[in-house]
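Topology and contacts: notes
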Amino acid sequence: MTPSPDPAEPRAPAPEHTGDTSPAEDTRADKEIERLRTLLFHRELLLLEQLRARLDSPDARAGDVGSVLAEALVLSSREDDRLKMAMEPLVDRIVKESLRDNPHEFSESLFPLMGPSIRKSIAESFHAMLESFSKSMETAFSWKGIRWRLESLRTGKPFSEVVLLHTLVYRVDAVYFIHSATGISLASVMNEGTQSGDSDMVSAMLTAIQDFVNDCLADGKKEDLDLLRQGEYTLLVERRPAAYLACVLRGAPPADYRAHMRACLEYLVMEYAGQLANFKGDTGPFAASRPRLEKLLGSRFVDEDKPLPVWIKLLVAALIAACPGAAGYVFYRHRENAARAAEDAERRRSFRADMLAAVDLLRREPGLLVIHAAEQPAGDTPSSTASAASPGNSGQNRDTPQEGATGEAASPAAPTAAASLSDHTGQGPAAPPEQASAKASLDAGTPWKVVCLKDRLARTPEEVLREHGKDASLFSFTLIPYVSYEPDMVSKRVDLSIQPPENVSMRFDDGIIYLSGTAPMHWTLEARRKALTLPGVKDVDIRGLSDPRSARLAAMIQEVQGASVEFPLGKDVPVPEDMPKLTHLVDTLAAVQRLAAEMGMAVSLTIYGHADAVGSVARNYDISQARAKVIAAMLYARGSGMPLALYGLGADYARKSEGPDQSSRRIELRVHLSPSVVPELDFINH
Amino acid sequence: MLTKKICMLGAFAVGKTSLVKQYVYSIFSDDYLTTVGVKISKKNIAVNGVDMNLVLWDMEGRDAYTDVNISYLRGAMGFFVVADGTRRDTLDAALQLRAAALDVTGPIPHCLLINKADLAPEWQVTREDVDRMRNDEGLTTFATCAKTGQSVEESFRTLAEAML
Ligand SMILES: Nc1nc2c(ncn2[C@@H]2O[C@H](COP(=O)(O)OP(=O)(O)O)[C@@H](O)[C@H]2O)c(=O)[nH]1
Ligand SMILES: [Mg+2]
């Protein structure tokens, strides 16, 4: 291409003006050039101006970068790994931080990664089952069958899968028995007996995910994954240190499924304790665990429809087969229904899961024993719920006066029970918003009937559910009174009955109540007596309890018993210097008696009189007896009324074997305590 | 059936993932999140007439060269430390990783793989280095190539035999 034929070539007219030199012409030429420039480069100048504006504005620059960022990333990652390497630590950190904040959310998001592999590993068995199901549905030609066929047409899903979705209550597809440390699958079973080659990888990956989650959590805040949910799949994990069980299932499993898992795992861990501890990779011995794992497989489907009358079948079949227009109409009519049915099914599923979770809370509550929990039979309408619920409430009603009657009105349970009662009555006529919401959630499923045994001291199911923010009105409770032997309940029962004072602490372990601290003895004895009458209490250990006064009493008794009053030779009146001692002794004895009486005990005293080796044996017995009597006389003189026993021991206990000895001529006192109010006083021996 | 957990250790980009890919035809999930930091794959082999499943845990490279993720090593019954022949520093990293791993696992069979044998002219790791690994460190060492498959099968077989 040559420049001249180009019509846009700008320089073509220029040579004509190059000869002009006058200043006026110069300015004119300048202006011309300026005009020309504007004309010629107008677009470029504008662009330049825009560019400058852009460079000056950070907003615009950010916009620029943003518009090309994605492309730049793609290009860069296609060329080499540098970008990835630069970003990895950053992303890693962000993910870890977010994980630390909400571990559960994150672990749930990890599950989809496993989903496909699990799906793959169980796809085959699924397929086989779907086929057989499909056949059975073909024979049962029902309204539902038609609707599902249409849904299958509409969604492009195989008919059998649509059927499965609608009829499945739950189905456990795979059970993995996994060695914790290595993540190796020890044994696994799939539904329909299809063995999966991938179980090793599934279990390794599951283990890796758990390791990861645990690594990311702060120390001491170990939170194990025991439930992952993704779409229709749920993964339940039950673990012991040596091994764990993972079950992959769809739908809502029966409420006690986890208990079955736990029992199975416990059995396996015990059965294979040795092999698990010394596991070197040989999974052979664990093959025998398969029958036990198979027990965890299972499924339940809702009942099928009753077949339609033959003429309807024929009519519908003829319509669909012969007339595409009619089929189209039916298709159209059912399109909406089918979509709604799918939504309903989903809502029902999640409703059921919610209800099961709520029942689980009740199961975990001490003093409540759930013996039945299920959807109410079809005949029960929501309106009958209220009446069905009332026996439960009146059961609570009956409880309250009882508590008052047994003198336990001050118990912590009583006010709450009363509060819950007034709650109920207060809510009745007001038609609170809670009821409206209950009605809304009821659309997803019928209310549940729960039958519970309830200890008098346990919280009501309503209280438990309310505490966890659950809607108790979706349940009707029937409460049957019972006495729970759960430790929590027994200790609550004892607590209410004996009402330990401030400085007494109580511990309950294996049927025995341990009391410790300081308390007046009469309280201790009474508490012990009461506690022993309560169900679930085998014994009451009060060795840890002391009466603050008993130390004082013991000191005084010791003082009395340690004192010695001495006598002149052949006399029964103490030596003058011991007279004040004797007076003090008698005072102390009186004090002992008072304090002991306060503590519910009676005091008795034994007085031993002694003589020295001088004199005849008979004389010595006499004089020693006379010395004991003097003390007795002094006590009587004080009006103590204390039971006394007097012994004259002669010189049997003389401190010197011969000759006169003042220290041998003495009296000795022994104080005895005995219960005056209650027969039990064995703690004194401790 | 004997199932063994094997870990792949080594600095980033030395070729751990490539070696596993070369050895195993069925990688579990290729786009498995690197966040979790591990890719798991499996290979079944018969060694001396014994049927064996190798479950391979391929650790993703972390920020630091020698950062060992202890919980993933838990229960490992053997491991590879991998170095890149063209990067001398990855060999030092490999030795450090090996020591750190043995601290966690106790004495278990392991091999050193010096990878990217196809780039031999560019190697910074020398003949003497390799001899020193074999003799002084007593390390079973292979020069491997994840691209061509050279010595890959052999190295896995050797480790598997050692784990029997
Ligand atoms: N030339 C060559 N390149 C390799 C070899 N092995 C791996 N690579 C390349 O090295 C890079 C990192 O490999 P990768 O397996 O992701 O390393 P990893 O980080 O240790 O898992 C990739 O670009 C691979 O293509 C090899 O034997 N020879
Ligand atoms: Mg890698």
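**Section: the overall build of chain B**
- Counting its secondary structure elements, chain B contains five helices and six strands.
- Looking at chain B as a whole, 56% of its 164 residues are labelled buried.
- Taking the intrachain contacts of chain B between residues at least 6 apart in sequence as the baseline, contacts between residues at least 24 apart amount to 70%.
- Carbon together with sulfur atoms contributes 48% to the accessible area of chain B, which is approximately 6,600 Å² in total.

**What to know about the nonpolar core**
- Counting residues in each nonpolar core, the largest one holds 53 residues, and the members touching the most others are Val175, Phe177, Leu245, Tyr257 and Leu293 of chain A together with Leu54 and Phe80 of chain B.
- Here this core takes six residues from helix α8 (residues 257-271) of chain A, the largest share from any one element.
- Residues in contact with Leu54 of chain B, not counting those within four places in the same chain, are Lys4, Ile6, Tyr23, Ser41, Lys42, Lys43, Ile45, Ala160 and Met163 of chain B.

**Some thoughts on the environment of Asn44 of chain B**
Residue and element names in this part refer to chain B.
- Tracing the backbone through its elements, the reader meets Asn44 in strand β2 (residues 38-47).
- With relative accessibility at 39%, the residue Asn44 sits in the partly exposed group.
- Sequence separation of Asn44 and Val24 is 20 residues, and the distance between their C-alpha atoms is 9.0 Å.
- Polar side-chain contacts of Asn44 include one of 3.2 Å to the backbone oxygen of Met52.
- Separated by 2.8 Å, the side chains of Asn44 and Asn53 make a polar contact.

**What to know about the side chain of Ser185 of chain A**
All names here are of chain A.
- Its place among the elements puts Ser185 in strand β2 (residues 185-190).
- Looking at Ser185, the relative accessible area reads 5%, which means it is buried.
- In this structure Ser185 touches Phe177, Ile178, Ser199, Asp200, Ser203 and Thr283, once residues within four positions along its chain are discounted.

**Quick notes on helix α3 (residues 88-105) of chain B**
Residues and elements named next belong to chain B.
- Taking 1.5 Å per residue, 18 residues should reach 26 Å; α3 reaches 26 Å between its end C-alpha atoms and fits that length.
- Buried within α3 we find Thr90, Leu91, Ala93, Ala94, Leu97, Arg98, Ala101 and Thr105. Seen from one end, α3 has its buried residues packed into an arc of 155 degrees, which puts them on one side.

**Let's talk about the environment of Val202 of chain A**
- Within the secondary structure, Val202 of chain A sits in helix α7 (residues 199-216).
- Sequence spacing of Val202 of chain A and Gly183 of chain A is 19 residues, and the spatial spacing of their C-alpha atoms is 9.2 Å.

**What about the sheet that holds strand β9 (residues 475-482) of chain A?**
Residues and elements named next belong to chain A.
- Pairing is mixed across the open sheet formed by three strands, whose spatial order is β7-β8-β9. At either end of the open sheet lies a strand with only one pairing partner, and these are β7 (368-375) and β9. Between one strand axis and the next, the sheet turns through 15 degrees on average, direction left out of account.
- Relative to strand β8 (residues 448-455), β7 runs antiparallel, the two being bridged by seven bridges. Bridging across to β8, Val370 finds its partner in Cys452.

**A short note on the packing of aromatic side chains**
All names here are of chain B.
- For the coordinates displayed, the defined rule picks out nine aromatic pairs over all chains.
- Arranged with centres 3.8 Å apart and planes meeting at 5 degrees, the rings of Tyr23 and Phe156 form a pair that is stacked. Within this pair, whereas Tyr23 is found in helix α1 (residues 16-23), its partner Phe156 is found in helix α5 (residues 152-163), the two being separated by 133 residues in sequence. No difference in accessibility class separates Tyr23 from Phe156, as the two residues are buried.
- Note on Trp57 and Tyr72: the rings are 6.1 Å apart at their centroids and 50 degrees apart in plane angle, and the pair reads as tilted. Here the residue Trp57 occupies a position in strand β3 (residues 50-59), and Tyr72 occupies one in helix α2 (residues 70-73), the gap between them amounting to 15 residues.

**Topic: the pairing of strand β14 (residues 601-609) of chain A**
Residues and elements named next belong to chain A.
- Sheet analysis places β14 next to strand β16 (residues 666-675), joined by nine bridges and oriented antiparallel. Within β16, the position partnered with Ser604 by the bridge is His672.
- Pairing of β14 with strand β15 (residues 644-648), which is carried by five bridges, proceeds in the parallel orientation. Bridging from a neighbouring strand, Tyr608 pairs with Tyr647 of β15.

**Concerning the packing of α3 of chain B against helix α4 (residues 127-135) of chain B**
Residue and element names in this part refer to chain B.
- Two elements in contact, α3 and α4, have axes whose closest approach is 12 Å; the angle formed by their N-to-C orientations is 10 degrees. Relative to α4, the element α3 is oriented roughly parallel. Along its contact with α3, which presents Arg88, Leu91 and Leu95, the element α4 presents Asp129, Arg132 and Met133.
- Here the residues of the contact of α3 with α4 are counted per class, giving three nonpolar, no polar and three charged.

**Some details on the site of ligand 1**
Residue and element names in this part refer to chain B.
- Surrounding ligand 1, one finds 15 residues, the nearest of these being Ala13, Lys16, Thr17, Ser18 and Asp118.
- A distance of 2.7 Å is found between an oxygen atom of ligand 1 and a backbone nitrogen or oxygen belonging to Ala13.
- Contact with the protein chains hides 74% of the accessible area of ligand 1, taken as 570 Å² for the molecule alone.

**Details of the packing of α1 of chain B against α5 of chain B**
All names here are of chain B.
- Contact geometry of α1 with α5 gives a least axis separation of 9 Å together with a crossing angle of 90 degrees. It follows from the interaxial angle that α1 and α5 lie roughly perpendicular. Residues Leu19, Gln22 and Tyr23 of α1 pack against Val152, Glu153 and Phe156 of α5.

**What to know about the confidence of the model for chain B**
Residue and element names in this part refer to chain B.
- Summing up the model confidence of chain B, the mean pLDDT is 85 and the portion of residues at 70 or higher is 87%.
- Per-element confidence in chain B is highest for strand β5 (residues 110-115), whose mean pLDDT is 96, and lowest for α2, whose mean pLDDT is 78.
- Note on residues 26-35: pLDDT is under 50 here. Beyond four places in sequence and across chains, it has 26 contacts.
- This complex was scored by the predictor with a pTM of 0.43 and an ipTM of 0.83.

Parameters at a glance
- Residues numbered from 1 in each chain as written.
- Chains lettered and ligands numbered in written order.
- Predicted model: local features only at pLDDT ≥ 70, side-chain atom pairs only at ≥ 80, totals over all residues.
- Heavy atoms only, no water.
- Helix = DSSP H or I, 4+ residues; strand = E, 2+ residues; numbered from the N terminus.
- Buried < 20%, exposed > 50% of the residue type's maximum accessible area, 1.4 Å probe, protein only.
- Contact = heavy atoms within 4.5 Å.
- Areas by Shrake-Rupley, 256 points an atom, 1.4 Å probe, with all protein chains shown as cover.
- Core = buried A, V, L, I, M, F, W, Y, C linked by side-chain atoms within 4.5 Å.
- Polar contact = N/O pair within 3.5 Å; in protein donor to acceptor, adjacent residues only side chain to side chain.
- Expected span 1.5 Å × (residues − 1).
- Arc of directions from axis to C-beta.
- Pairing = 2+ DSSP bridges.
- Axes fitted to C-alpha atoms, helices over the stretch in contact; angles between N-to-C directions.
- Phe/Tyr/Trp six-rings, centres within 6.5 Å; stacked < 30°, edge-to-face > 60°.
- Parallel < 35°, antiparallel > 145°, perpendicular 65-115°, else oblique.
- Nonpolar A, V, L, I, M, F, W, Y, C, P; charged D, E, K, R; others polar.
- Near = heavy atom within 4 Å.
- pLDDT = per-residue confidence, 0-100.

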